[in-house]
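Structure at a glance
Read off the chains here:
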Amino acid sequence: MARIVAATTSPNGCFDTRPFRSQTPNSQNFKIVSHFSPLNYFSSTRKTHSSALLVPNSRVIKTSRARKRRIKGGKNFLNRPAIGASLTTQPDSDTQETPRQPSAPYSVKIPVGDRHILVETGHMGRQASGAVTVTDGETIIYTTVCLSDVPSEPSDFFPLSVNYQERFSAAGRTSGGFFKREGRTKDHEVLICRLIDRPLRPTMIQGFYHETQILSWVLSYDGLHPPDSLAVTAAGIAVALSEVPNSKAIAGVRIGLIGDKFIVNPTTKEMEDSKLDLLLAGTDSGILMIEGYCDFLPEEKLLQAVEVGQDAVRAICKEMDALVKKCGKPKMLDAIKLPPPDLYKHVEEIAGDELVEALQIKNKIPRRKALSSLEAKVLSILTEKGFVSQMEAVAPTETVTDLVEDEEEDEEVVVDGEVDEGDVHIKPVPRKPIPLLFSEVDVKLVFKEVSSKFLRKRIVEGGKRSDGRTFEELRPINSRCGLLPRAHGSALFTRGETQSLAVVTLGDKQMAQRLDNLVDEDEFKRFYLQYSFPLSCVGEVGRAGAPSRREIGHGMLAERALEPVLPSEDDFPYTIRVESTITESNGSSSMASVCGGCLALQDAGVPLKCSIAGIAMGMVLDTKEFGGDGTPLILSDITGSEDASGDMDFKVAGNDDGITAFQMDIKVGGITLPVMKQALLQAREGRKHILAEMSKCYPPPSKRLSKYAPLIHVIKVKPDKINLIIGSGGKKVKSIIEETGVESIETQVDGIVKITAKDLLSLEKSKAIISNLTMVPTVGDIYRNCEIKSIAPYGVFIEISPGREGLCHISELSTNWLAKAEDVFNVGDRVDVKLIEINEKGQLRLSHRALLPDPNPEKQNTKQRTGNLVKEGSISQKAPEKGKQKKASSGSKDATSIENAEPTEEKSPTIELTSPSKSNPSEADALTEDKFVKKLVIPAKDGPATNKDRPKKSSNKSAINISNKSESAVVNGEAKIG
C-alpha cells in the first residue's frame, strides 16, 4: 500500500499537510501522517540549522547538503519549491490505478421467500460506479450509484443522497396533471428514499467524503409485487458493487402475517389480509433498520417476524457476497481521511473537566451554549494559539543538533563538546516544546466524538443521564385539551422539553387527500397526519419552506400509529386531518405527536377505540469500553443528545395490549434479537406509564363534536334513484346545493348520499329535496301544498314530488258534486291530497275530499267512506310491521349518522299519515327498501288529518339524526368514545 504525504502551500506561506489514511473495512488499520508545519521547527529566535526535517510517521525528508553554504533560521526553507516537490506521493507499483473497464453482463437468481429475484449488472448504466436491475415477477427496479471525483469538505455527516422515482410508464399510465411527466417527489416516494438511506448510512466507512448519490427508478410494475423492499435490496447490491467503501452489504425484505403464518415479501393481494406490515433491512450478522405497522400485535409476535426477516436477509447477503467477488470494483480505501489520533488526547486534555460539567446541565439550551463555548475555546487553542501538552512540558529537555559549516575551508576549529565531521560541526542544543496546530474541521469532528464519549461514559459509570434520570425513568408529562376554541379539536402534549400542539379538522370527502400512484384507481385518504418541525422549537433560525423528508417520515409514523383506533367510515363519515406542530423539541417529537394527536382526536369527538401512546428508546451497545460488563444498556424516553450520541433510536407506539407502529434505526453494525426483545419489553412499560399520565389530562377531552364542526347526514336510497339526485351533467345536485346553501352533497353508486352542511336549517332543506326526488309512495300518505300541473275533464293531475304526479278524480276533489274541475281549481293552485290507491301500472290515485271535513256526518254514505278510510289505514299498517321484523334482525345503529330514509323518518316534516300504527317511531323506523322523505310544507290545520298526526310530530324529533339539546352538531347526538 502506498505511503501518503500530501503538502500544499497555504496563503500564509506555510505548508498545509492534511492527514491521509487508508482503512480496510475489517482490519481498521490506518497509516497516519500528522500535520506538519515548518514554523513549528523554526520558531526559535536563535539561528537553527538542520540537515533533515522529521515528519511524524512518514518518510524522512532530507535537504541537499552543499558545502560552503550556511542554512540559517529556515528562511530559505520556506521559499524553496524543491521541498514541496519532495512531499508529493509516489504510489507503489502494485497499487497503480488502471483505467476502469465496463463490467461484463452478469445475472444471478437469488431465492427470497417462496420465489426468486433476478439480479442483473453490466447490462445498463455501465458508466456508473455501480448499476443493477432487480426483477421480482414483472416488477423491475433499476438502481445506480455514482460518486464525485473530488472529495467535499470533511463533516460528521456522510455526503449521501438517495432519490427514488416511480415512473407512470411502468404501469402503462401517464401523469394526470397538466405536465405529462413526473415532477416533484411524492410523499410515498420520499418514504421509500428514507427506507433506502437509513440502513445504508451506518455501513459507510467514516472518513470518506466523496459525495455519493443513489438513484432508483421503477421501470415496470405489475401491481402484485411491491417495489419498496425491492428498492432497498437493489440499492444495497449497487453500493456493494461500486467503489464506495462500505463495511458490509445490506438487503431488505417485507414480512406479512396471514393467519399464524409469516410471509416473506408478500404480494399486494396477500397484504390485504395481513395483520402486520414489517419492512426489515440488515446485513448477514445484524439488523440495521425495521419499520412497520400492525393491529395491536404483541411483542412476542413482532420478535418472531423480525427473526423470519433476519433469516431471509442473511440468505440474500450470502448470495450478494458471491456476486460482489465476481463483479465488484475495488473500493476507494486510499481516499479515507481521519483526524490525527493524538488530537483526541489533546481535546480531552484541554476540555475534559469542563466537558464533564457541561454534560451535567439538565436543561437543553444552557447545556448547548456551554458546549458551544467550550468548543470555541478548544478551536482557538488548537487552530490559532497552538497547543503544548503538559506531559511534554514537564518531560526532560531534548537536544537537537545545530549544524554549522565553516565559511573558510582552510580554518577549522573544534570546540570542546563538539563533534568533528569534516567540514560540519554538530553541537548539542536544548529544544523547547513545539506548539501544535490542527485544522478546524478535524478539531470540530474530534470534539463531537469526545463529547459523545464522555456522555456515554457518564451514563454507564455514573448510572445517571444528563438530566439526572435513571435508565428506565421517563420525563415529567402533562397535557391539556380544548385550548383553541375555534378548532374542531386541539391538545397540547408536553414531555420534558418536548412539546407537540395537535389540531384536528373534520370535513367531508372533498377534504380527503388524493393519492396519485401507479395503480389506475384513484385512492383517497380519509385520515392523514401532517407533522411540522419549525426551527424555533430548538431555538434556531433558518429557512422555512416545504416539509423536509424527516417531517414527512415522522408524520407518516404517527399517522399509521393512530390509524388502527379510528372508527369506520360508516360509523363516522368524516374526513379527519391532524396537524402536529412541534413547539419544543428535545428528543422523541414524533412520539409526542402520537400522544398529542390521540388527545386532540378525542377532543374533536372522534369515537376512538382506545388511547394510543408512543415512546422512543435508546441504547449504549458497548458498555465495556466505559467500565461496564459489556451488556447493552437500554434507555427509555431518550433526549436529543442521547439520540445523537447513542447507538439506537427505537420508536414504539401502541397501548397496553399491543403495538400499532414501530421504527428502529441502528447507528452501529447491527443489533441482535435479545437486545431488541429487551427494548420492546422496556418500551411496553413506558407506554403504560404515558397512558396513565394522559388520562390525567386537564382540561380533559370534550369527546363530542364542536359546534363549529360541519354537519354530515347520511341517507340511504335505492341505487337506481341516484341519477335523479345527480341530474343531467350534475345540474340537479348543483341546484340543490345552491338552493339550500349546504357545502356539498356526495353520492355513491350503492345508494349512500352524504350531505355536509354548516347549519341545521340548510341540512333539513336539502334532506327534504333529496327525499322527495327519491321517495316511494305508500297508500295512506298525505301530501300537502302540492301543485296542480294540468286539468282534464275527468280530474286534475297533481305533482306530489318533483317529477311524480298522480290523478285526483273529479269525484275526489270536493265533498259536493262538481260539473267541471275548472269551476273550482286552476293550474298552479296548491292543494292537500291523500294517496288512496296505487294500481298495477304504478299510477297514483289521489283524493282531496278525504282531507276535507264532512258537512253531513249523519249520512250513511259518509259513514261508508269513513269505514273505507279506516280499512285503507289498516292495510298500510302491515308494511311497517313486516319492516320491523326485518330491521330487528339487522340490528340498530344508534351511534351512526346514517338515516335509512324510511317513510316515517323522512316524511316527518312533510307528510301526515292516517294510519294509527305510524305514530309509533319504532315501527316507523322499520320499513324496508321503500324509503323516502316527503315534501316540506306548512302544516294545515284541518281537523281529522291534523289530529291523527299529532303524536307523529312529537316522535319525529327522535327521527332527526341531529341533537338539538347540545351545541355540538353530530348526526346522532353526542359521539361515543370507546
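Preceding block: the structure.
What comes next is a walk through the structure. The written sequence of each chain sets the order in which its residues are numbered from 1. The predicted nature of this model means local features are confined to residues of pLDDT at least 70 and side-chain atom pairs, given and counted, to a pLDDT of 80 or more, with totals for whole chains, interfaces and linings taken over all residues. Side-chain metrics in this entry use all non-hydrogen atoms of the structure; hydrogen atoms and water are not considered.

This brings us to the pairing of strand 27 (residues 648-654). Most of strand 27 sits out of view: seven of its seven residues are buried. Pairing between strands requires that DSSP locate at least two bridges from one strand to the other. The helix count covers DSSP runs of H or I at least four residues long, the strand count covers runs of E at least two residues long, and both are numbered beginning at the N terminus. Looking at chain direction, strand 25 (residues 613-620) and strand 27 are connected through five bridges and run antiparallel. When the sheet's bridge partners are listed, I615 is paired in strand 27 with V652. Relative to strand 28 (residues 659-666), strand 27 is paired through seven bridges, and the arrangement is antiparallel. Bridge assignment links V652 to a residue of strand 28, and that residue is F662. The turn joining strand 27 and strand 28, which pair antiparallel and follow one another in sequence, is formed by four residues. Remark: exposure states derive from per-residue accessible area (1.4 Å probe, protein chains only) relative to the maximum for the residue type, with buried under 20%, exposed over 50%, and partly exposed in between.

We now examine the nonpolar core. Nine residue types can take part in a nonpolar core, namely buried Ala, Val, Leu, Ile, Met, Phe, Trp, Tyr and Cys, and a core is a set of them joined through side-chain atoms within 4.5 Å. The biggest cluster of nonpolar side chains holds 144 residues, and the ones touching the most others in it are L276, I576, M648, F650 and M676. The element best represented in this core is helix 7 (residues 299-327), accounting for eleven residues. Aside from chain neighbours lying at most four places away, what touches L276 is I255, G256, L257, F262, M271, Y293, C294, L297, L302, A305 and F662. Counting 29 residues, the second largest nonpolar core, distinct from the first, contains A351, V446, I459 and F626. Between two residues, a contact is recorded if the distance between any of their heavy atoms is within 4.5 Å.

Attention now goes to the sheet that holds strand 28. Read from one edge of the open sheet, eight strands run 12-11-13-14-28-27-25-26, paired in antiparallel fashion. Because the sheet does not close on itself, it has two edges, and the strands there are strand 12 (261-264) and strand 26 (633-636). Going across the sheet, the axis of each strand differs from the next one's by a mean of 20 degrees, ignoring polarity. Relative to strand 13 (residues 276-282), strand 11 (residues 251-258) runs antiparallel, the two being bridged by six bridges. Residue pairing for strand 13: R254 is matched across the bridge by L279. Think of each axis as a best-fit line through the C-alpha atoms, taken over the contacting stretch in the case of a helix, with angles from 0 to 180 degrees between the N-to-C directions.

Glancing now at the pattern of salt bridges. Salt bridges, as used here, are contacts in which a Lys or Arg side-chain nitrogen is within 4 Å of a carboxyl oxygen on Asp or Glu. Scanning all chains against the criterion turns up 40 salt bridges. Between E540 and R368 there is a salt bridge, and its shortest N-O distance comes to 3.7 Å. Placement of the pair is E540 in the loop between strand 23 (527-532) and helix 12 (549-562) and R368 in helix 9 (residues 364-385), with a sequence separation of 172 residues. The class for E540 is partly exposed, based on a relative accessible area of 43%. On the basis of relative accessibility, which here comes to 28%, the residue R368 falls in the partly exposed class. Between E787 and K789 there is a salt bridge whose closest N-O contact spans 3.5 Å. Assessed through its relative accessible area of 34%, K789 is described here as partly exposed. By sharing partners, the salt bridges in this structure join D467, R469, R475, R495 and D637 into a single network.

Looking at the secondary structure, you find E299 in helix 7. Under this definition, polar contacts are N or O atom pairs within 3.5 Å; protein pairs additionally need one hydrogen-donor-capable and one acceptor-capable atom, and for neighbouring residues in sequence, both atoms have to be side-chain atoms. Of note is the side chain of E299, whose polar atom sits 3.4 Å from the side chain of R684.

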